[in-house]
Amino acid sequence: VLAYLVRRLAYGAVTVLGVLLLLFFLFFLYTTPEDMARRALGDKTPPEVIQTWIVNHGYDRPRVWNPADPGRTLIADHFRRMLSFDFGRSDADDSPILDRLREGAIPSLTVTLPLFVAGLAVAISVSLFVAYFRETYIDRAGVVLCVLGMSVSILLYIIGGQFLLGRLLRWFPISGFDPSPVVLARFLAIPWLIGLLSGLGGDVRFYRTVFVEETGRDYVRTARAKGCGDGRIMTRHVLRNAMIPILTRVVVAIPFLFTGSLLLESFFGIPGLGSITVDALHGNDFATLRVMVFIGALLFVLAQIATDFAYTLVDPRVRLE
Amino acid sequence: LNRVLGALVAALLGLGGCGNNPYPGADDAEKVRYKALPGALKTLDPAVSYVTTEHEITANVYETLLGYHYLKRPYELIPALALEVPRPRDLPGGRVAYRFRLRPGALYGEDPAFGHFEPGATTREVVAADVAFSLQRIADPAVTSPVSTTFAKLEGFSEFDEQYASAGGISGVRVLGPHELEIVLAEPYPQILYWFAMPFTAPVPWEAVAFYDGQEGRDFFKDHPVGAGPFRIGYYDRRSRISLERNPNWYGARHPEWKAPAAVYPAEGEPGDAAAGHLDPAYVGRPLPFLDRVEYRIEKEDIPTFNKFLQGYYDAAGIIQESFDAIVSEGALSPAMAALGMKLEKSVEPSIYYLGFNMNDPTLGSPAGERGRLLRQAMSLAVDSVEFSRVFLNGRGVPAQSLLPPGIFGYEAEYRNPFRQPDLARARNLLREAGYPDGVDPKTGRPLRLSFDLGDASSGGRLRALFFANAWKRLGLDVEISATDFNQFQDKVRRGAHQIYIWGWIADYPDPENFLFLLWGPMSGSKSRGPNNANFADPRFDTLFLEMKDRPNDARRLELIREMRAIVEHERPWIELFHRESYALYHAWMRNVKPAGLSLPSAKYADVDPALRKRLREEWNRPVVWPAYAIAGLVVVLVVPGIVTFLRERQ
């Protein structure tokens, strides 16, 4: 097991390093330090001030190759900082990035965590329900609705949801955020509903397939022959045996709880990590962007390893070699 | 069943109140104004912030020495913290001095920073040394102020960098007493006074800069402004919500009896202000401010923001492209919107958008002599900026006849530039005269090939450039669009490798100098990296500019401007396109809002009628409950028979 862990961690490290390398080249292929300075200071900033900014922020160093002092390059600094978790300050506004992460994590989690739990519960119950009624009109209606739900863009859900629930029915505020728990749910009602609905179609299709496959297996027939009730078969036997594909889908989704949702946060004015990433993209803020990408990659790799370990917990036959 | 469902819906809607109101607290007892800001704020450091949305906060929190008259156009400077607008005093060697006298007894807003250095203190008086401190901060390279080059005209400003180490000041900034400050300019620059109406030069207490260093849990100064303005920060989360509240320490609030010009509602304005309701006798002469609070929300997306405005949760809004035709019809408010009691206010920004020619270009520029000039004149006649603004801006642009936009001294509404009235026949004649009959270059026998250099690689940018290329195609010219990103474009401009380009300029201050310098020879982009990207150099124009720039707004200045205008008209280094116009919508409960193209602190003049707002909001936002019943009913109707049937079959 230990050897397996080490091997997986090594693969993971290679992946993360690759992501960092790719990010560096993609970013500087697309933009230059002058551009970053102009975004940070404004379009009318005179060239002298732009130069001062570049020097103050260390972007005057050669990017990749510095024969005089090979360690004094942008790329060396990039890896040095990321690998030592020294996130530094934002290029856009000089705030410590760690503070920004701390500020943004709570709003992001208040959106994603309830959405994740409720989404999982609803998707699994609905799919158990349609799997149980397979080949009836309920199942077929479910297929139509799910495919319909999957085909619609999230942007339409957002604008449509705001228009319907906020503007026409006037049930909830169209956008906004307030950390006070008394009113929080009012602001998050539409994003939660939209997140739930937009994800439901795909999830239900996936879980239904898994459940239908499991219900066709011998052990289900045996259980039924022994007089086990339908409800018990579905929740006790089928659900448990379907845990491996469920886990694969669920654990991999966990890192995204922290990175937040780019579109939902932008449209609903939620000051979370997703909107920090969007700001960093718009503002050519390399320092913030790389931290968000780095953390995302790191969590993703860790989640993959965690998934493997979770397999052994739900299925004793699985061994990590 | 109905009652249970009703209770469920009520519980769902009742999560902390009812309906779609995004503001949890009551706001009908207080005067609160609600505004949306389009993105997170980066810095509230007055020496650094150069963005309109940030000035929205800094201009209200920091008090400047001078201000603008709220209503008068052309814009007029009035004293704010200063007792009067200073006059220039000539010194030997062409130097000029201005002496500011500060209002004694003006205090900063309360802040713990003062107590850190003087136990028990919560505020202190604004003194002249604070203004000197602000100017030093602009000079300090570590602060990276974007306006440092402007203040380089102050004597000893550029040397401050080195003096900094030896703790010397700027030699051209002299503190003569607690309330007296003199600045010395190495050369005349009367426009410097406008910079004293902007937050850059607002007095800043050194205590706040020293205390808010981001250490040991303290804020950074850029997130914690401490000023002497009419409002102070009540709540600051730069990514979500900002709240300004009245500053009881503001000199206008503490001393209404002073009747300071920037602390009472003005009694006069420009013609038409009375009719527009800007001179309501209920407000004239009353001490400012009228609002108790200004609440800002960060809204990144236009559509939700506009929908919230329509619900009455924002007091004012711009018009989003998607809804333009539903809101505005034929330049006025559509009947549906007018029925809601809204007002549409149009204002022309002090800006100019133009097509420029690189005057160093051998085909288009001065090296081509008379031929080049005729070619530029012909191309100018082919461009229809009315059509352009109709297609791309929903008509929100005033066709430009010269560099100067309305509201700026020297703008004359009746002036018509003969080369800016589209006339293809005349353009073809001029082209023939230039030696390019039907746009054909006799040297090659093919249409004359020119390059439109575009610093915008987006499809929208290309489309706009295509509009002009097509206009010139009608003359037979072959204009190729060469689109690159902005950096490469700037590099081309620096090297002088550009031919035709599009550019815009928004004034920093309302003076013709801030526009005419865009064509002043020494400001040439390729030679001195100045903003004269057309590299226009006309000796007569340059001489006139030097005389014009330091003059007060008198008849002679107008005469000079007219002559410069005539030179530009004839020489055509530019094809003036339009002055951008902004349309703003205001709800019926807003009072005293007059849009200004410049970002000036308007919060202290505005007022709201909270009772009217409450009534209209309630009328517009009654929740519609029946669909909740309908959805619940539908679920029951769909699912229950299925279950029943299935169970029956299984039996």
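Please refer to the structure higher up on the page.
If you're wondering where the values come from, they're calculated on a predicted model, not measured in any experiment. (Residues numbered from 1 in each chain as written. Chains lettered and ligands numbered in written order. Predicted model: local features only at pLDDT ≥ 70, side-chain atom pairs only at ≥ 80, totals over all residues. Heavy atoms only, no water.)

## A word on the packing of helix α5 (residues 97-132) of chain A against helix α11 (residues 243-259) of chain A
Residues and elements named next belong to chain A. Here is the rule we go by: To obtain each axis, a line is fitted to C-alpha atoms, and for helices this fit is confined to the stretch in contact; angles are then taken between N-to-C directions over 0 to 180 degrees. Put simply, DSSP marks the helices as runs of H or I at least four residues long and the strands as runs of E at least two long, and each gets a number from the N terminus on. The labels follow the angle: roughly parallel below 35 degrees, roughly antiparallel above 145, roughly perpendicular from 65 to 115, and oblique for the rest. Crossing handedness follows the turn of the near helix against the far one: under a right angle anticlockwise gives a left-handed crossing, and clockwise gives a right-handed one. Any two residues having at least one pair of non-hydrogen atoms within 4.5 Å are treated as being in contact.
At their nearest, the axes of α5 and α11 sit 9 Å apart, and the two run at 165 degrees to each other. The angle between α5 and α11 places the two elements in the roughly antiparallel class. Viewed along their axes, α5 and α11 form a crossing whose handedness is right-handed. Contacts between α5 and α11 involve Ser108, Leu109, Thr112, Leu113, Phe116, Leu120 and Ile124 from the first element and Ile246, Val250, Ala253, Ile254, Phe256, Leu257 and Phe258 from the second.

## Some thoughts on the pattern of salt bridges
Note that side chains of opposite charge can pair when their charged atoms are close. Short version of the rule: Salt bridges are identified by distance alone: a Lys or Arg side-chain nitrogen within 4 Å of an Asp or Glu carboxyl oxygen.
By the definition in use, this model includes 67 salt bridges over all chains. Connected via shared salt-bridge partners are Arg61, Asp77, Arg80, Arg81 and Asp86 of chain A.

## Comments concerning the nonpolar core
Residue and element names in this part refer to chain B. What counts here: Nonpolar cores are built from buried Ala, Val, Leu, Ile, Met, Phe, Trp, Tyr and Cys residues. Side-chain atoms within 4.5 Å join them into one set. Only protein chains enter the calculation, and the probe is 1.4 Å; a residue is then buried if its accessible area is under 20% of its type maximum, exposed if over 50%, and partly exposed in between.
Within the largest apolar cluster, 95 residues are counted, with the highest numbers of intra-cluster contacts made by Phe100 and Ile183. Considering every element that reaches this core, the biggest residue donor is helix α4 (residues 128-139), with six residues. Beyond its immediate sequence surroundings of up to four residues, Phe100 is in contact with Leu65, Leu66, Ala82, Pro86, His179, Glu180, Leu181, Ile183, Leu193 and Phe196. In terms of nonpolar packing, the next biggest core, distinct from the first, is built from 35 residues, Tyr353, Leu375, Ala469 and Leu477 among them.

## Thoughts on helix α7 (residues 154-168) of chain A
Residues separated by three or four positions in an α-helix point in the same direction, a consequence of the helix having 3.6 residues per turn. Spelled out, the test is: For a helix, the expected span equals 1.5 Å multiplied by the number of residues minus one.
For α7 of chain A, built from 15 residues, the straight-helix expectation of 21 Å at 1.5 Å per residue is met to within 8% by its first-to-last C-alpha distance of 20 Å. If you check which residues of α7 of chain A are buried, you get Tyr157, Ile158, Gly161, Gln162, Leu165 and Gly166 of chain A. Elements in contact with the buried residues of α7 of chain A: α6 (137-151), α8 (181-215) and α12 (262-268) of chain A together with α9 (302-310) of chain B. Directly after α7 of chain A, the chain includes Arg170 of chain A, whose backbone phi takes a positive value near 60 degrees.

## Topic: the sheet that holds strand β9 (residues 241-246) of chain B
All names here are of chain B. We count it as follows: Only when DSSP finds a minimum of two bridges between them are two strands counted as paired.
The mixed open sheet is built from four strands, whose spatial order is β1-β10-β9-β8. Single-partner strands in this sheet number two, and they are β1 (32-37) and β8 (231-237). Averaged over all neighbouring strand pairs, the angle between strand axes comes to 20 degrees, with direction disregarded. Contacting β1, β8, β9 and β10 (293-298), helix α2 (residues 52-61) crosses the sheet at an angle of about 140 degrees to β8.

## Some points on the interface of chain B and chain A
Going by this rule: A 1.4 Å probe defines the accessible area here, and the buried area is the portion of it lost by two parts on being joined, summed over both. The term polar contact refers here to a pair of N or O atoms within 3.5 Å; inside protein, the definition further demands a hydrogen-donor-capable atom paired with an acceptor-capable atom, and it admits residues adjacent in sequence only when both atoms are side-chain atoms. Ten residues, namely Ala, Val, Leu, Ile, Met, Phe, Trp, Tyr, Cys and Pro, are considered nonpolar, four, namely Asp, Glu, Lys and Arg, are considered charged, and the remaining ones, Gly among them, are considered polar.
Each side of the interface is counted separately: chain B has 59 residues, and chain A has 60 residues. Between chain B and chain A, a total of about 4,900 Å² is buried, with carbon and sulfur atoms accounting for 56% of that surface. Area buried by chain B at its contact with chain A is led by Lys42, Arg239 and Lys300 of chain B, which between them contribute 13% of it. Applying the counting rule to chain B against chain A returns three salt bridges. Asp93 of chain A is the partner of Arg238 of chain B in a salt bridge, and the nearest nitrogen-oxygen pair spans 3.2 Å. Remark: the boundary between chain B and chain A carries 23 residue pairs in polar contact (both at pLDDT 80 or more). With nine residues, the top contributor of residues to the side of chain B that touches chain A is helix α22 (residues 626-650) of chain B. Residues belonging to the side of chain B that touches chain A are distributed by class as follows: 31 nonpolar, 16 polar and twelve charged.

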